[in-house]
Amino acid sequence: GIYIGLTVLEIALLKIAHMPTFDSIVLAFGTAGTGGFSVLNTSIASYTTMAKYVIAIFMFLFGVNFNIYFLVALGKVKEALKSEELKVYASMFIVAVAIVVLNTVHIFGNTYKAFEEAFFHVSSIMTSTGYSIGDINVYPSTSRVVMLVLMLISACAGSTCGGLKISRLIICAKSIKRNLIKQVHPNAVQVVKFEGKKVSEETIENTNTFIFMYVALILLFILIISFNGYNIETTINAVFTTFA
């Protein structure tokens, strides 16, 4: 119901943004599934500014854990806003947009255009959607590195996105922090909690194993693809894009 409701809402808003009906439906489906299928070979660049912002916002929304929307539907808004994963997701998004804007404003000549590009592309890449409104290859290396990191991590668990997922990152970071504390205070009792609940040792072990395999396979695939003779940036981009 949440999935269908958000999709229908996006179709309606895209129609208001003067997008043809067929395009509105296809692009809403491509946004909802974070699959990035487009009608035009210019992706989203040929549509109105409003349409670009609508798609960017809905890419972000489909990157949110659907349990958050369920809590909101039940009237538990305060509980939903307390979500650790949501806070980290939103914080990462805001910081990434700010970095890209500051790093690209000299390219676009004004802050508004830099913000539009940053807001859209960070949302697209962080949610593994892949829509575009311009050529990010003109961005400085700092912005492109930020994009690559976001591509690997992606958005929330329980969303339609690919990638590592922020929940795993949080659990892994907390388990590392616990282990570091235990190195200094061996007798300390440290419990890893996520969203206010204790995380079992099995879950922590499975999460850390997943992340290790994730990184190890990426490194292996980078080595394999490197035999094609492409430059290192192309090789890394290819692996990160397909893997995440």
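Preceding this section is the structure that the text describes.
Definitions and cut-offs
- Residues numbered from 1 in each chain as written.
- Predicted model: local features only at pLDDT ≥ 70, side-chain atom pairs only at ≥ 80, totals over all residues.
- Heavy atoms only, no water.
- 1 Å grid on protein atoms, 1.4 Å probe; cavity = no way out; pocket = protein on both sides within 12 Å on 5 of 7 lines; lining within 4 Å.
- Points joined across faces, edges and corners; volume = space filled by probe spheres on them.
- Helix = DSSP H or I, 4+ residues; strand = E, 2+ residues; numbered from the N terminus.
- Phe/Tyr/Trp six-rings, centres within 6.5 Å; stacked < 30°, edge-to-face > 60°.
- Buried < 20%, exposed > 50% of the residue type's maximum accessible area, 1.4 Å probe, protein only.
- Salt bridge = Lys/Arg side-chain N within 4 Å of Asp/Glu carboxyl O.

S.K.: Just checking my understanding: could you explain the layout of surface pockets for this structure?
M.R.: Empty space among the atoms can be located by rolling a probe the size of a water molecule over them. Each pocket or cavity is described by its volume, and for the largest pocket that value is around 340 Å³. Of all the elements in the fold, those that place two or more residues in the lining of the largest pocket are helix 4 (66-73), helix 5 (77-81) and helix 6 (84-108). The element best represented in the lining of the largest pocket is helix 4, accounting for 3 residues.

S.K.: Just to check I follow, could you spell out the packing of aromatic side chains for this structure?
M.R.: The relative placement of two aromatic rings is captured by the distance of their centres and the angle of their planes. The final tally for this structure, using the stated rule, is 14 aromatic pairs. Relative to Tyr89, the ring of Phe60 lies with its centre 4.5 Å away and its plane at 5°, an arrangement referred to as stacked. Remark: Tyr89 occurs in helix 6 and Phe60 occurs in helix 3 (residues 49-62); sequence separation between them is 29 residues. Residues Phe60 and Tyr89 agree in their burial class; the two are buried. Measuring from ring centre to ring centre gives 5.7 Å for Phe66 and Tyr69, while their planes differ by 75°; the resulting arrangement is edge-to-face. With Phe66 and Tyr69 both in helix 4 and 3 residues apart, this pair spans about one turn of that helix.

S.K.: Which parts of the structure should I look at to understand the pattern of salt bridges?
M.R.: If the charged atoms of two oppositely charged side chains come close together, the side chains can form a pair. Within the structure shown, the criterion is met by 6 salt bridges. Across the pair Arg144 and Glu233 runs a salt bridge, and its minimum N-O distance is 2.5 Å. Pair noted here: Arg144 is in helix 8 (residues 141-153) and Glu233 is in helix 11 (residues 232-243), with a separation of 89 residues, a long-range link. Assessed through its relative accessible area of 37%, Glu233 is described here as partly exposed.

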